Amino acid sequence: MKEIRYTITDPLGLHARPAGLLVKEAASHACAVTIAANGGAAVDAKRILGVMKLAAKQGMELTLTFDGADEEAAAASMEAFLKANL
């Protein structure tokens, strides 16, 4: 199991466009990917409604957890995505 943390810097937070892109990126990996905001309940990062339910704003810390065959590659890919988009 691999875990990464990222603090949102985008003034708009995790709104619809980046949330959709995040779900698409997570879905491209075989491992299970969960995401939580500020230590709250974790949701499936491959489901748009769960990601939008986080209502993550600027300054909130996201915790992504990866569990499965390609977790190392998925973690690196998602970390690069977060840095580029949030």
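A short tour of the structure in this document, coming up. Counting restarts for each chain: residues are numbered from 1 in the order of the written sequence. pLDDT decides what is reported in this predicted model: residues at 70 or higher carry local features, side-chain atom pairs at 80 or more are listed and counted, and totals for whole chains, interfaces and linings draw on all residues regardless. With hydrogens and water stripped out, all remaining heavy atoms of the structure feed into the side-chain values.

### Looking at the overall build of the protein
Spelled out, the test is: Runs of E in the DSSP output that reach at least two residues are strands. Runs of H or I that reach at least four are helices, and both are numbered from the N terminus. C-alpha atoms define the radius of gyration, and 2.2 Å times the number of residues to the power 0.38 defines the globule rule. The rule is simple: take the accessible area with a 1.4 Å probe, protein chains only, and divide by the maximum for that residue type; under 20% is buried, over 50% is exposed, in between is partly exposed. The contact criterion used is simple: two residues touch if any of their non-hydrogen atoms lie within 4.5 Å. Surface exposure here means Shrake-Rupley accessible area, sampled with a 1.4 Å probe, where a residue is shielded only by the protein chains that are shown. When charges are counted, neither His nor the chain ends are considered; positive counts come from Lys and Arg and negative counts from Asp and Glu. Each charge is placed at NZ for Lys, CZ for Arg, CG for Asp and CD for Glu.
In terms of regular secondary structure, the protein is built from 3 helices and 4 strands. Listing every helix and strand of the protein by position from the N terminus yields β-α-β-β-α-β-α. Taken over the C-alpha trace, the protein has a radius of gyration of 11 Å; the compact-globule value for 86 residues is 12 Å, and the two agree within 12%. Dimensions of the protein, computed from the C-alpha atoms along their principal axes, are close to 35 × 25 × 20 Å. Counting only residues that meet the buried cut, the protein has 42% of its 86 residues in that class. The contacts of the protein with a sequence gap of at least 6 include a subset with a gap of at least 24, amounting to 70%. As displayed, the protein offers around 4500 Å² of accessible surface, 56% of which is attributable to carbon and sulfur atoms. Charge-centre separation for the protein: the mean point of 9 positive side chains lies 8 Å from the mean point of 10 negative side chains.

### Looking at the pairing of strand S2 (residues 32-37)
Our working rule: Following DSSP output, two strands are said to pair if at least two bridges run between them.
Two elements, S2 and strand S4 (residues 61-67), share 6 bridges in a ladder whose sense is antiparallel. Within the sheet, the bridge partner assigned to Ala36 lies in S4 and is Thr63. Pairing geometry for S2 and strand S3 (residues 43-44), over 2 bridges, is antiparallel. Looking at the pairing, Thr34 lines up with Asp44 of S3. The hairpin turn running from S2 into S3, its antiparallel successor, is 5 residues long, and Asn38 in that turn takes a positive phi close to 50°.

### Overview of the nonpolar core
Definition in use: As used in this record, nonpolar core signifies buried Ala, Val, Leu, Ile, Met, Phe, Trp, Tyr and Cys residues forming a set joined through side-chain atoms within 4.5 Å.
Counting 27 residues, the largest nonpolar core has Leu22, Ile35, Leu62, Leu64, Phe66 and Leu82 as its most contacted members. If you list the elements that add at least two residues to this core, you get strand S1 (2-7), helix H1 (16-27), S2, S4 and helix H3 (71-85). The dominant element in this core, judged by the number of residues it contributes, is H3, at 5 residues. With sequence-adjacent residues up to four places away left out, Leu62 is seen in contact with Ile4, Arg5, Tyr6, Ile8, Ile35, Ala36, Ala37, Ala56, Leu82 and Leu86.

### Considering the packing of H1 against H3
For any two helices packed against each other, the geometry comes down to the angle between their axes and how far apart the axes lie. For clarity, the cut-off: Lines fitted to C-alpha atoms define the axes here, with helix axes fitted over just the stretch in contact, and angles between the N-to-C directions of these axes take values from 0 to 180 degrees. Angles below 35 degrees are treated as roughly parallel, those above 145 as roughly antiparallel, those between 65 and 115 as roughly perpendicular, and all remaining angles as oblique. Crossing handedness follows the turn of the near helix against the far one: under a right angle anticlockwise gives a left-handed crossing, and clockwise gives a right-handed one. Under this grouping Gly is polar, as are all residues other than the nonpolar Ala, Val, Leu, Ile, Met, Phe, Trp, Tyr, Cys and Pro and the charged Asp, Glu, Lys and Arg.
For the pair H1 and H3, interaxial distance at closest approach is 10 Å and the crossing angle is 165°. Put simply, H1 runs roughly antiparallel to H3. You can see that H1 and H3 cross each other, and the crossing is right-handed. Across the interface between the two elements, Arg17, Pro18, Leu21, Leu22, Glu25 and Ala26 of H1 pack against Ser77, Met78, Phe81, Leu82 and Asn85 of H3. Looking at the contact of H1 with H3 residue by residue, the classes come out as 7 nonpolar, 2 polar and 2 charged.

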